[in-house]
Amino acid sequence: MAVTIEELYRNYGILADAKDNLSQHKDAYQAILDGVKGGPKEKRLAAQFIPKFFSSFPELADAAINAQLDLCEDEDVSIRRQAIKELPRFATSENIFRVADILTQLLQTDDTAEFNQVNAALISIFKMDAKGTLGGLFSQILQGEDIVRERAIKFLSTKLKTLTEDVMTKEVEEYVFAETKKVMEDVTGEEFVLLMRVVSGLRVLQSVNGRQQLVELVVEQADLEQALNPADPDAVDRLLQCTRQALPLFSKNVHSTRFVTYFCENVLPNLSTLTSPVAELDIQLEVLKLLAEMSPFCGDMEKLEANLNTLFTKLVEFMPLPPEEVENGENSASEEPKLQFSYVECLLFSFHQLGRKLPDFLVDKVDAERLKDFKIRLQYFARGLQVYIRQLRVALQGKTGDALKTEENKIKVVALKITNNINVLIKDLFHNPPSYKSTVTLSWKPVQKPEAAAPKRPSGEEMGSGGSTKKQITPLPRRDARQIYNPPSGKYSATIGNFNYEQRGGFRGGRGRGFGVRGNRSRGRIY
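Each value, and the rule that gives it
Each residue is numbered by its place in its chain's sequence as written, counting from 1. Only residues with pLDDT of 70 or above have their local features reported here, since the model is predicted, and side-chain atom pairs are shown and tallied only from 80 upward, although totals for entire chains, interfaces and linings are computed over all residues. Excluding hydrogens and water, the side-chain values take into account all heavy atoms of the structure. Secondary structure elements follow DSSP: runs of H or I no shorter than four residues count as helices, runs of E no shorter than two count as strands, and numbering proceeds from the N terminus. Here, Shrake-Rupley sampling with a 1.4 Å probe gives the accessible areas, and only protein chains in the shown set may cover a residue. Residues belong to a common nonpolar core when they are buried Ala, Val, Leu, Ile, Met, Phe, Trp, Tyr or Cys residues joined through side-chain atoms within 4.5 Å. Here's how the labels work: a residue is buried when its accessible area is under 20% of the maximum for its type, exposed when over 50%, partly exposed in between, all with a 1.4 Å probe on protein chains only. Any two residues having at least one pair of non-hydrogen atoms within 4.5 Å are treated as being in contact. Counted as salt bridges are all cases of a side-chain nitrogen of Lys or Arg within 4 Å of a carboxyl oxygen of Asp or Glu. Two rings from Phe, Tyr or Trp (for Trp, the six-membered ring) form a pair when their centres sit within 6.5 Å of each other. Planes less than 30 degrees apart are called stacked, planes more than 60 degrees apart edge-to-face, and all others tilted. One fewer than the residue count of a helix, multiplied by 1.5 Å, yields its expected span. pLDDT expresses how confident the predictor is about each individual residue, on a scale running from 0 to 100. Geometry is summarised by axes, namely lines fitted to C-alpha atoms with helices restricted to the contacting stretch, and by angles between N-to-C directions that run from 0 to 180 degrees. Every angle not falling under 35 degrees, over 145, or within 65 to 115 is termed oblique; those three ranges are roughly parallel, roughly antiparallel and roughly perpendicular. Take the far helix as your reference; a near helix turned counterclockwise from it by less than a right angle gives a left-handed crossing, and one turned clockwise gives a right-handed crossing. Gly is placed with the polar residues, together with every amino acid not listed as nonpolar (Ala, Val, Leu, Ile, Met, Phe, Trp, Tyr, Cys and Pro) or charged (Asp, Glu, Lys and Arg).

Let's talk about the overall build of the chain
Working step 1: For the chain, the helix and strand inventory stands at 21 helices and two strands.
Working step 2: Surface accessibility of the chain: about 24,900 Å² in total, with carbon and sulfur atoms responsible for 48%.

Spelled out as structure tokens, the structure:
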């Protein structure tokens, strides 16, 4: 016979009045446990009464937890929410892992209020025992159903950073890193990005040694020991994602050498045949931009001359020869070459950075005929640059404030940065011997302000020469809204070129793409 409301209140009263003699009233507590078999009102009361006296009856601990779990799975959402709200009260030292495991499984709910209740309960037990709670979470990430795994990873990526240092101690953070490395052995692209967000935010990994460990983790995922299959969009996608995750970690002490080497040896030779993982992504430009961003942090390179030669060859491909002229000095009827400024900025910057490590490359390592050809291309490109720089400055002249914030003008400002950057780098290479001393800020990167420079209005000559990329008109668009400047074909057209937008793409599609296919782990309730 089911327990009634009156019986529940009576047994509650017995236990409440027993004080130090609670253990003598095991039958009263058992009656409360039986309340989960009653109607909605009895279940709501049981959900509150069971945890209140839980610690006093260790011999009924399993029965009590199981009774509460039955309520967590009730058809009535209000009963489920009440039962979930009380679950942290069962999280004693010996039960913390089990409660965390249960709450992690409950993340699969589609009810928003219930989902928020589970999140709150998990945060609550985190503050009791962070390592024990993480044990339950990682247990489900490694062995649970896909929906549970997905939501548990998202929970870690969003909630860990909100916890204080007294909760996320050094020991706890080291445990997070160790467990994350286990999960990384089999992840999709989306999971990889989220998990990198988790470990990148750990205070224990903010040192040079810690950042180096993170780079090693990314290198392992990138599988840089294997040659790249340019026709495989998943392989290309993997490389892009890993490189993007590694980029913020590089510094003068944490080198990008392995990635830069891989790009020179495996990516640049296959640049034109790369298969984009995202339809609207300009894969060639994306790859070149990543290489450019990494190149300043490249350390000692084993095959520096060979890799510089690969980079030089690719740069020459994107720098056309001037059109042939007929006897009267006019151009022939053949189509004027297109100047691909965005691509050349990346390649020239990367070559300039690596060239610093072998400054005699253009003097001693390139034969005279090839060097002469390169300088002809540089001269032609430089003449085109000056024309486009003048056109852009005329188009932007007198525009300030809101006028510079229109999409058209923002793109022109970026175009001006690109052309000025190329102009500075070409001037360096025209020195005899070539110089690698100039510093520019890549057009899509935030402008680095001088520390305490006195305000100085640039002269017209300075603005035309592009001598300093720090003298910009307006801040750049965000990194995730970078634009490509495509100047018009033809010799020094008077019309400003067309501009196409390019945004970074990520992994598309659901689980089963990217970093390996994970099998479905439908296992039902495993409390």
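Having seen it, we continue.
Looking at the nonpolar core
Working step 1: One finds Y29, I50, L103, F351 and L362 to be the most contacted residues of the largest nonpolar core, which totals 153 residues.
Working step 2: Beyond its immediate chain neighbours, meaning those up to four positions away, I50 contacts Y29, I32, L33, V36, A64, A67, Q68 and F90.
Working step 3: Ranked by size, the runner-up nonpolar core spans seven residues in total, among them L392, L396, V413 and L416.

Thoughts on the pattern of salt bridges
Working step 1: Applying the stated criterion to the full structure yields 23 salt bridges.
Working step 2: With a shortest N-O distance of 3.2 Å, R89 and E86 are connected by a salt bridge.
Working step 3: R89 gets classed as partly exposed once you look at its relative accessible area, which sits at 43%.
Working step 4: K412 is the partner of E408 in a salt bridge, and the nearest nitrogen-oxygen pair spans 3.0 Å. Here the residue E408 and the residue K412 both occupy positions in helix α20 (residues 407-430), the gap between them amounting to four residues, near one helical turn.

Re the packing of aromatic side chains
Working step 1: Tallied over the entire structure, the rule returns 15 aromatic pairs.
Working step 2: Between the aromatic rings of F318 and Y343, the centroid separation amounts to 5.3 Å while the plane-to-plane angle is 10°, which identifies the pairing as stacked. Of this pair, F318 sits in the loop between α16 (304-317) and α17 (341-355) while Y343 is found in helix α17, placing the two residues 25 residues apart along the sequence. Here F318 and Y343 have matching classes, each one buried.
Working step 3: Grouped by ring-pair contacts, the aromatic residues Y9, Y12, F49 and F53 constitute a single cluster.

So, helix α4 (residues 61-72)
Working step 1: Helix length check: α4, at twelve residues, gives a terminal C-alpha distance of 16 Å against a target of 16 Å (1.5 Å per residue), a fit within 8%.
Working step 2: Turning to α4, its buried residues are A61, A64, I65, A67, Q68, L69, L71 and C72.
Working step 3: Elements that come into contact with the buried residues of α4 comprise α2 (26-33), α3 (40-52), α5 (77-86), α6 (96-105) and α7 (112-126).

Describing helix α10 (residues 170-183)
Working step 1: With 14 residues, α10 should reach 20 Å at 1.5 Å per residue; the first-to-last C-alpha distance of 20 Å fits that figure.
Working step 2: Residues V172, E173, V176, F177, E179, T180 and V183 constitute the buried set of α10.

Topic: the environment of K181
Working step 1: When you line up the elements, K181 lands in helix α10.
Working step 2: Among the residues examined, K181 registers a relative accessible area of 38% and is labelled partly exposed.
Working step 3: Each C-alpha atom of the pair K181 and V199 lies 9.5 Å from the other, and the pair is 18 residues apart in sequence.

Topic: unusual backbone geometry
Working step 1: Of the consecutive residues N432 and P433, the connecting peptide bond is found in the cis state with omega at 0°.
Working step 2: Inspection of the secondary structure assignment puts P433 in the loop between α20 and α21 (460-465).
Working step 3: With a phi close to 55°, D223 is a non-glycine residue in the positive phi region.
Working step 4: When you line up the elements, D223 lands in the loop between α12 (208-222) and α13 (233-246).
Working step 5: Residue D223 is classed as partly exposed on the basis of its relative accessible area of 36%.

Focus: the confidence of the model for the chain
Working step 1: On average, residues of the chain score 85 in pLDDT, and 83% of them are at 70 or above.
Working step 2: Scored below 50 in pLDDT, residues 451-514 makes 164 contacts in the model with residues more than four places away or belonging to other chains.
Working step 3: Across residues 517-527, confidence stays below pLDDT 50; counting only partners more than four residues off in sequence or on other chains, it has 36 contacts.

Structural notes on the environment of K375
Working step 1: As for its placement among the helices and strands, K375 is situated in helix α19 (residues 368-396).
Working step 2: Distance from K375 to L429, taken between C-alpha atoms, is 8.9 Å for residues 54 residues apart in sequence.

Regarding the side chain of Q245
Working step 1: Locating Q245 in the fold gives a position in helix α13.
Working step 2: In this structure Q245 comes out as buried when scored by relative accessible area, which is 18%.
Working step 3: Ignoring sequence-local partners within four residues, the contact set of Q245 consists of F192, V193, M196 and V218.

Some points on the packing of α6 against α7
Working step 1: Contact pair α6 / α7: the axes reach a minimum separation of 10 Å and the direction vectors enclose 160°. In terms of their interaxial angle, α6 and α7 are classed as roughly antiparallel. Crossing geometry of α6 relative to α7 is assigned as left-handed. Each of I96, V99, A100, L103 and T104 in α6 lies in contact with α7, whose residues at this interface are V118, A121, L122 and I125.
Working step 2: Counted by class, the contact of α6 with α7 contains eight nonpolar, one polar and no charged residues.

Notes on the packing of α3 against α4
When two helices pack together, you describe them by how their axes are tilted relative to each other and by the distance separating the axes.
Working step 1: Interaxial distance between α3 and α4 falls to 10 Å at its minimum, and their mutual angle equals 145°. Here α3 runs over α4; the crossing is left-handed. Contacts from K43, A46, A47, I50 and P51 in α3 reach A64, A67, Q68 and L71 in α4.
Working step 2: Here the contact of α3 with α4 is built from residues that sort into seven nonpolar, one polar and one charged.

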